[in-house]
Amino acid sequence: MKIIAGNWKMNGSRDSLVHMVTALQDIDSKNTVILCVPYTMLGVDGGRVAIGAQDASAHDHGAYTGEVSANMIAATGAKYVIVGHSERRQYHGETNDIVRAKAAAVIAAGLTPIICVGETMDEKQAGKTMAIIESGVRESVPNDANNNVIVAYEPRWAIGAGLTPTDSEIADAHKLIADTLTSMGLGGTPVLYGASVKGTNAAQIMSIPNVDGVLVGGASLKPDDFIPIITSVK
Ligand code: PGA
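Remember, it's a predicted structure, so these values are computed and weren't measured experimentally.

## Describing the environment of Phe226
Working step 1: Residue placement: Phe226 occurs in helix H9 (residues 223-231).
Working step 2: With near-sequence residues (within four places) excluded, Phe226 lies in contact with Ile4, Ala5, Gly6, Met20, Leu24, Val33, Ile34, Leu35, Val216, Ala219 and Ser220.

Structure below.
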């Protein structure tokens, strides 16, 4: 059983989410399916699909105009929150420390954070991929996460670019993440792969050791693209 998570980013509408969850109700799959959608779409009944958000405040409540707390997200019935997505790190200056604080707030609200780590093209070319991944996990995942956490490896240079690392690069990254989590007392934490996942490469990627599922951006927006990813593995 795998975890198939969609990240709608700043796309879609309540109508398109209803259309998607309706299309997903009867598919023949035991995989866990999650859709992380904009805040304005939270509260839509996902049926067999778990609904998630894409960010949460590190704060509980108070004078933080524009922010939404993990407790507020939990009150909508959502179960997951992506934290530390590379677009948050890139456009909003989120560091590992900020991501860890947000993840802790998500866990405290009874939700599961999907914590993203991954290297930029510059870091890859400088030979720093493994160091960035390891520090990303050590510094972004709360030590006391108590196994209520999911990690996603998202090579930032491959997101939305139609590029994917080689199978052995994915295998090395996922083994490092699994070993790092084990050394933190978080062995068994699911580790997803994300970046340019589609129906044509999902099964191969999910056959790589230590890949427990996928985090899908563009190909999660339409049932015709998303369903083949979900049904590509048992
Ligand atoms: P992509 O995005 O599947 O469109 O590459 C993945 C992500 O940003 O989570």
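## Some words on the nonpolar core
Across soluble globular proteins, you tend to see nonpolar side chains buried next to one another.
Working step 1: Ranked by internal contacts, the top residues of the largest apolar core, which has 63 residues, are Leu17, Leu24, Leu35, Val141, Ile177 and Phe226.
Working step 2: Counting residues per element, this core draws most heavily on helix H7 (residues 167-183), at five residues.
Working step 3: Residue contacts for Leu17: discarding those within four places in its chain leaves Trp8, Leu35, Val37, Met41, Val44 and Ile51.
Working step 4: Within the second largest apolar cluster, 13 residues are counted, among which are Ile3, Ile150, Ala152 and Leu215.

## Let's talk about the pairing of strand S6 (residues 150-153)
Working step 1: Residue alternation in S6 divides its side chains into two sets, Ile150 and Ala152 and Val151 and Tyr153, and both sets are buried.
Working step 2: Pairing between strand S5 (residues 112-117) and S6: four bridges, direction parallel. Considered in S6, the bridge of Ile115 is made with Val151.
Working step 3: Sheet analysis places S6 next to strand S7 (residues 191-194), joined by three bridges and oriented parallel. Bridging from a neighbouring strand, Ala152 pairs with Leu192 of S7.
Working step 4: For the handedness criterion, the β-α-β arrangement of S6, H7 and S7 is classed as right-handed.

Definitions and cut-offs
Residues numbered from 1 in each chain as written. Predicted model: local features only at pLDDT ≥ 70, side-chain atom pairs only at ≥ 80, totals over all residues. Heavy atoms only, no water. Helix = DSSP H or I, 4+ residues; strand = E, 2+ residues; numbered from the N terminus. Contact = heavy atoms within 4.5 Å. Core = buried A, V, L, I, M, F, W, Y, C linked by side-chain atoms within 4.5 Å. Buried < 20%, exposed > 50% of the residue type's maximum accessible area, 1.4 Å probe, protein only. Pairing = 2+ DSSP bridges. Right-handed = clockwise from strand over helix to strand, strands pointing away.

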